[in-house]
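If you want the building blocks of each chain, they are given just below.
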Amino acid sequence: MGSDLAMTVDMNSQIPVTLDFQQTHLLEAQLLKEPVTVGPQGGAQMTSALTQLLQGAWRAGISTADLTGEPKALNCCIRFVDEVEGQSLNHQFRGREAATNVLSFETAFVDEAECRHLGDLVLCVPVLVAEAAMQGKTLQAHCLHLALHGILHLIGYDHQTADGRRVMEALEIKLLNEVGIANPYEVTGNE
């Protein structure tokens, strides 16, 4: 049984962001309500950290990813799925047989209120849980990293080339650091 949650956050003259969450499991609902336990965001909800990451990604993307115009607001839909649905979507849209951690579906639609709808992210919770444990990361930090990774894809970044990968990873490291999350590419667990 799923529930939808839309949150609009306006953070100190930043572009207002609406995050539409489609939750299918209690774990995701709880994850979004828990305070972020690292960095300067201590006590803030995951949604605040996600909002800050999306705003930072958008601002960085304006100069590098051929984005035009400053929207009055940004919107992103985030859906949490189980492994069965994650595998089905990955097979349908990428031709791969296993579930993956994040899928990005770009829309780049601008509505009549000048809100830019970036697209949809699909986060596969069992994959995130397993990866976080294997890499010695908190589930929150890993979830924020993969959501940011997906957001960067929605904005136009790609990691298919070595140069694209370097640019994208450097931006992920910088933006995650701003919300108090360590470099996600320095894995401390069992690889």
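The preceding data block contains the structure.
These numbers were taken from a predicted model, which means no experiment stands behind them. (Residues numbered from 1 in each chain as written. Predicted model: local features only at pLDDT ≥ 70, side-chain atom pairs only at ≥ 80, totals over all residues. Heavy atoms only, no water.)

A.B. asks: Quick question: what am I supposed to make of the packing of helix α4 (residues 125-135) against helix α5 (residues 139-155) here?
C.D. replies: When two helices pack together, their arrangement is given by the angle between the helix axes and by the axis-to-axis distance. For the pair α4 and α5, the least separation of the axes is 9 Å and the interaxial angle reads 115°. Helix-helix and strand crossings are classified by hand; for α4 and α5 the assignment is right-handed. Contact with α4, carried on its side by L128, V129, E131, A132 and Q135, involves L139, H142, C143 and L146 of α5 and no other residues of that element. Considering only residue class, the contact of α4 with α5 consists of 6 nonpolar, 2 polar and 1 charged. (Axes fitted to C-alpha atoms, helices over the stretch in contact; angles between N-to-C directions. Helix = DSSP H or I, 4+ residues; strand = E, 2+ residues; numbered from the N terminus. Left-handed = near helix turned anticlockwise from the far one by under 90°. Contact = heavy atoms within 4.5 Å. Nonpolar A, V, L, I, M, F, W, Y, C, P; charged D, E, K, R; others polar.)

A.B. asks: Would you explain the environment of A113 in this entry?
C.D. replies: Here A113 shows up in the loop between β4 (102-110) and β5 (115-124). Between the alpha carbons of A113 and A73 there is a distance of 8.4 Å; along the sequence they are 40 residues apart.

A.B. asks: Got a minute to help me understand the nonpolar core in this structure?
C.D. replies: When a protein is soluble and globular, its nonpolar side chains tend to lie buried together. In terms of nonpolar packing, the biggest core is built from 38 residues, with L19, L54, C76, I78, L123 and L144 touching the most fellow members. Elements that contribute at least two residues to this core include exactly β2 (17-23), α2 (46-64), β3 (73-81), β5, α4, α5 and α6 (162-178). With 10 residues, α5 is the largest single contributor of residues to this core. (Core = buried A, V, L, I, M, F, W, Y, C linked by side-chain atoms within 4.5 Å. Buried < 20%, exposed > 50% of the residue type's maximum accessible area, 1.4 Å probe, protein only.)

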